[in-house]
Amino acid sequence: MKHLAGGQLIAKVGIDYFKDASTFGALSDEAIIYLLENGEVRQLDKGDILFAYGDPGDSFFVNLKGKIEFFKTRQNEATHIRDYLFGQEVGSVAMIGLHPRVGDARAAEDSIMLEVSCGLFHDLHENYPVDFGILLLNLSREMARHLRASDDKLAEHHINL
């Protein structure tokens, strides 16, 4: 895993690239730049672990490029739950729920991820309160989509019994 400078990444691909990320949807250019310049931007090679079961849930990650696989651990077994693609976030449930990671996140291909720590999340609230509200809405919307997909799988499983 290699750390990248957010400012250099912005200069390389342009701010409009990040506006297409669902997690950043409707955020101001200034807020996106703030997150990229103050967060940890990590370049992962295929197979690198982003976080592991039991790690502290004190941040979340935004996929800036690539694909992340998430494996939920239950009764000492890991099951692939979903993939996270460009623009999606992974890990916010643990951060908001104040609990450790409940599984492993691993790069399925070369990827670039932005880590948003609790501290940066708070600082965004202080410095960009309107954008913070929009980010919370975006995170909530993504959680709702995952909940709906999980409910659909559960219902399908019940029908097939």
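Heads up: the structure comes first, above all this text.
Values in this document were obtained by computation on a predicted structure and should not be read as measured data. (Residues numbered from 1 in each chain as written. Predicted model: local features only at pLDDT ≥ 70, side-chain atom pairs only at ≥ 80, totals over all residues. Heavy atoms only, no water.)

S.K.: Would you explain the environment of aspartate 110 in this entry?
M.R.: As for its placement among the helices and strands, aspartate 110 is situated in the loop between β8 (103-107) and β9 (111-117). For aspartate 110, a relative accessible area of 46% corresponds to the partly exposed category. Taking the C-alpha atoms as reference points, aspartate 110 and lysine 67, separated by 43 residues in sequence, lie 7.5 Å from one another. Apart from the residues lying within four places of it in its own chain, the contact partners of aspartate 110 are Leu44, Asp45, Lys46, Lys65 and Gly66. Within the structure, aspartate 110 has its side chain in polar contact with the backbone nitrogen of lysine 46 (distance 3.0 Å). (Helix = DSSP H or I, 4+ residues; strand = E, 2+ residues; numbered from the N terminus. Buried < 20%, exposed > 50% of the residue type's maximum accessible area, 1.4 Å probe, protein only. Contact = heavy atoms within 4.5 Å. Polar contact = N/O pair within 3.5 Å; in protein donor to acceptor, adjacent residues only side chain to side chain.)

S.K.: Teacher, can you tell me more about the sheet that holds strand β1 (residues 2-4) here?
M.R.: Sheets are built from strands paired through backbone hydrogen bonds, the pairs being either parallel or antiparallel. Spatial ordering of the open sheet is given by β1-β2-β9-β4-β7, a layout of 5 strands whose pairing is antiparallel. Two strands lie at the open edges of the sheet, namely β1 and β7 (89-90), each paired on one side alone. In the sheet, strand β2 (residues 40-44) pairs with β9 via 5 bridges, with the strands oriented antiparallel. Bridge pairing in β9 links valine 41 to leucine 114. (Pairing = 2+ DSSP bridges.)

S.K.: Mind showing me how you'd approach the sheet that holds strand β5 (residues 68-74) here?
M.R.: Spatial ordering of the open sheet is given by β3-β8-β5-β6, a layout of 4 strands whose pairing is antiparallel. Two strands lie at the open edges of the sheet, namely β3 (49-51) and β6 (77-84), each paired on one side alone. Between one strand axis and the next, the sheet turns by 30 degrees as a mean value, whatever way the strands run. Two strands pair when backbone bridges link them, and β3 and β8 are joined in this way by 2 bridges, in the antiparallel orientation. (Axes fitted to C-alpha atoms, helices over the stretch in contact; angles between N-to-C directions.)

S.K.: Looking at this structure, how should I read the environment of threonine 73?
M.R.: Tracing the sequence through the fold places threonine 73 in strand β5. Between the C-alpha atoms of threonine 73 and leucine 98, which are 25 residues apart in sequence, the distance is 18 Å. The contact partners of threonine 73, leaving out residues within four places of it in the chain, are Tyr53, Ala78, Val102 and Gly103.

S.K.: Could you clarify how one ought to interpret the packing of helix α1 (residues 6-13) against helix α3 (residues 29-38) in this entry?
M.R.: When two helices pack together, their arrangement is captured by the angle between the axes and the distance separating the axes. Here α1 crosses α3 at 130 degrees, and the two axes come no closer than 7 Å. Judged by the angle between their axes, α1 and α3 are oblique. Listed contacts from α3 to Gly6, Gly7 and Ile10 of α1 are Ile33, Leu36 and Glu37. In the contact of α1 with α3, the residues fall into 3 nonpolar, 2 polar and 1 charged. (Parallel < 35°, antiparallel > 145°, perpendicular 65-115°, else oblique. Nonpolar A, V, L, I, M, F, W, Y, C, P; charged D, E, K, R; others polar.)

S.K.: Before we go on, may I ask you to explain α1 in this structure?
M.R.: Because the α-helix completes a turn every 3.6 residues, residues three or four places apart line up on one side. Of the residues making up α1, those classed as buried are Gly6, Leu9 and Ile10. The arc that holds the buried residues of α1, viewed along the axis, is 100 degrees, so those residues lie on one side. Set apart from the buried face of α1 by more than 90 degrees, the exposed residues are Gln8, Ala11 and Lys12. As for α1, its buried residues are in contact with β1, α2 (15-19), α3, β2, β4 (59-65) and β9. Looking one or two places after α1, you find glycine 14, whose phi comes out positive at around 85 degrees. (Arc of directions from axis to C-beta.)

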